[in-house]
Amino acid sequence: MKEWSQRKMIPKQWQNAIDVINHIEQAGFEAFIVGGAVRDYYLKKENNDVDITTSALPEEIQAIFPHTIDVGIAHGTVLVLHQEEPIEVTTYRTESTYTDHRRPDAVHFVRDLAEDLKRRDFTMNAMALSRTGEFIDLYDGRKHIDERLICAVGNAEERFTEDALRMLRAVRFAAQLNFKIEEQTFAAIQKQAASITLIAMERIQVELSKIFMSPFPAQGIQYMQESQLAKYLAGDFDEAAWQLFQSDNRQVGWAYFCLVNQDVTLLTHYRCSNKDKQFVKQVLAAYECLVKGIEKRQLLYFEGEILRTAYQFTLWQKQPINITWEQLQQQKLALPIQSAKQLAITGQDLMAWSHKKRGPWIKDMLDAALQAVVNGDVVNDKQQIKEWFHATNDEG
Ligand code: ATP
Ligand code: MG
């Protein structure tokens, strides 16, 4: 068979992977591209994350290549640096018994590719591709992709008993690819859904994020419901609320999940970061303002990205808003300042002018000053605000 490169069908970013395979073969071992990259290659979808599987042991890989990084030798993975690009090379392995429904009790390195493919989750993820572009497809992966089906490798019930996360991965792939979950595979998930509670929240968070960010989030949410997985996970998975949702930003996904659930504690439950929490808090505050009818000075509290996200939420939630996004932006641009931070005075100024101690009054007064500036009652200038401050306070 001709080399791929001669046939000009090789994705350019795969050249490094092919080079690495060549080296491994020259040293007398087998190596193939494997997993998600092969699936996406068959689907003609871009995937720059090319993993290699090999008959060589980790030490043998380390001996073949001058630049390697040990990222998980116990699991057989060595990072090979080729042309400064890191490529994951993992030794063929089988996984022994799974007593905790999460991780194999031990992994064993083997010299047979078929053994390695057998341990993989779905038929579409269990294919290998040779350096020359030949598919090793022992489980009808290509046929199932053609039928747009997610199908467990081997006995679905056994595979989900080994590792419960695979159930959520099935739903995630359904949302990413707009595939259906094959009947027996789906029945096995329904039967074993409760075991999803054995999986670490951080790993569940990753899969939920991928569902939110997928091109078909509503399909994923519907599958969460129908598969019974939703029953054992915190939050409502109400497909109707997700019909219009579309985002490639995970934080936007989590903010929307909190909005439709009216519950921000979900972020803590799913171990989201403080940065995520900050973002969600702001978006939901902006959303509240928009729904109630946002006031001019409130436009200054929120950054453009936050406001834009909150505005999208009103559309996705079918909230009646009597203003277009363009009008809202124009309103903001027409204000004398563009951010609350641009206000010419600080709390220190207020304390100095009033000889009063620090207290909640400062926040209220700054807010009033901001209001006066955006309304055009006073110019955003320290001296003028001082006069305005004394005038309003003397009145009071
Ligand atoms: P993505 O595009 O999201 O990276 P992927 O298919 O590459 O999708 P990874 O999580 O990167 O998914 O895993 C790489 C490969 O490892 C999978 O294609 C699959 O063959 C195998 N795999 C990953 N997780 C599991 C699992 N929990 N059980 C069995 N095989 C798995
Ligand atoms: Mg991957």
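This one's a predicted model, so the numbers in the text were calculated from it and none came from an experiment.

Chemist: Even after reading the chapter, I still don't get the overall build of the chain, so can you show me in this structure?
Modeler: Scanning the chain from N- to C-terminus turns up 19 helices and eleven strands. Against the globule reference of 21 Å for 396 residues, the chain gives a C-alpha radius of gyration of 28 Å, more extended than a compact globule. Its C-alpha atoms give the chain principal-axis dimensions of roughly 90 × 50 × 40 Å. The buried share among the 396 residues of the chain stands at 49%.

Chemist: Please clarify how the domain arrangement of the chain should be interpreted in this entry.
Modeler: Accessible area lost upon the coming together of the parts serves often as the stated size of an interface. When its domains are assigned, the chain resolves into domain 1 (1-139), domain 2 (148-243), domain 3 (274-335) and domain 4 (341-395). Look at where the C-alpha atoms of domain 1 and domain 2 centre, and you get two points 26 Å apart. Counting residues at the interface gives 20 residues for domain 1, matched by 21 residues for domain 2. Of the roughly 1,700 Å² buried between domain 1 and domain 2, counting both surfaces, carbon and sulfur atoms make up 60%. Looking only at domain 1, the three residues that lose the most surface to domain 2 are H101, R102 and F122, adding up to 37% of its buried area. One can count two salt bridges joining domain 1 with domain 2. Where R169 meets D121, a salt bridge forms, and the shortest distance between an N and an O atom there is 2.7 Å. Counting every contact that joins domain 1 to domain 2 gives six residue pairs in polar contact (both at pLDDT 80 or more).

Chemist: When you look at the site of ligand 1 in this model, what are you seeing that I'm missing?
Modeler: Not every one of the 13 residues close to ligand 1 is listed here, only the nearest: R39, N125, D163, R166 and R172. A distance of 3.2 Å separates an oxygen atom of ligand 1 from a polar backbone atom of G36. R172 has a polar side-chain atom sitting 2.7 Å from an oxygen atom of ligand 1. Notes on ligand 1: free accessible area 590 Å², of which the protein chains cover 76%.

Chemist: Whenever I open this one, the pattern of salt bridges confuses me. Can you help?
Modeler: In a structure, side chains of opposite charge can pair up when their charged atoms sit close to one another. Applying the stated criterion to the full structure yields 23 salt bridges. Linking R131 and E25 is a salt bridge whose minimum nitrogen-to-oxygen distance equals 2.7 Å. Remark: E25 occurs in helix α2 (residues 15-26) and R131 occurs in the loop between β8 (128-129) and β9 (135-136); sequence separation between them is 106 residues. A relative accessible area of 17% places R131 in the buried class. Given a relative accessible area of 28%, E25 falls into the partly exposed group. Ionic pairing is found between D137 and R142, a salt bridge with its closest N-O pair at 2.9 Å. Given a relative accessible area of 18%, D137 falls into the buried group. Accessibility expressed as a relative area gives 29% for R142, which makes it partly exposed. If you follow the salt bridges from partner to partner, you end up with R93, E95, D116, R119, R120, R159, E162, D163 and R166 in one network.

Chemist: Can you walk me through the pairing of strand β3 (residues 68-72) in this structure?
Modeler: Look at any regular strand and the pattern is simple: side chains alternate between the two faces of the sheet. Bridge analysis of β3 against strand β4 (residues 77-82) gives four bridges, and the strand direction is antiparallel. Pairing of I69 across the sheet is with L79, part of β4. What sits between β3 and β4 in their antiparallel hairpin is a turn of four residues, with G76 showing a positive phi close to 95°.

The rules we used
Sequence positions are assigned chain by chain, starting from 1 and proceeding in written order. Chains carry letters from A onward and ligands carry numbers from 1 onward, assigned in written order. Only residues with pLDDT of 70 or above have their local features reported here, since the model is predicted, and side-chain atom pairs are shown and tallied only from 80 upward, although totals for entire chains, interfaces and linings are computed over all residues. To get the side-chain values, take all heavy atoms of the structure and skip hydrogens and water. Runs of H or I in DSSP of at least four residues are treated as helices and runs of E of at least two as strands, each being numbered from the N terminus. This radius of gyration counts C-alpha atoms alone. The globule rule is 2.2 Å times how many residues there are, raised to the power 0.38. The classification of residues rests on relative accessible area computed with a 1.4 Å probe and restricted to protein chains. Under 20% of the type maximum is buried, over 50% is exposed, and intermediate values are partly exposed. Per the annotation, domain bounds derive from an automatic or database assignment of domains. By the convention used here, residues are in contact when the closest approach between their heavy atoms is within 4.5 Å. What gets called buried area is simply the loss in accessible area from a 1.4 Å probe that two parts show on being joined, summed for both. Any Lys or Arg side-chain nitrogen found within 4 Å of a carboxyl oxygen on Asp or Glu counts as a salt bridge. Distance and chemistry together define a polar contact, namely a pair of N or O atoms within 3.5 Å, with one atom able to donate a hydrogen and the other to accept it when in protein, and with adjacent residues in sequence counting only for side-chain atoms on both sides. We call a residue near a given molecule or strand whenever any one of its heavy atoms falls within 4 Å of it. Using a 1.4 Å probe, accessible areas were evaluated by the Shrake-Rupley method; residue-level cover was limited to the displayed protein chains. Pairing between strands is defined by DSSP: at least two bridges between them are needed.

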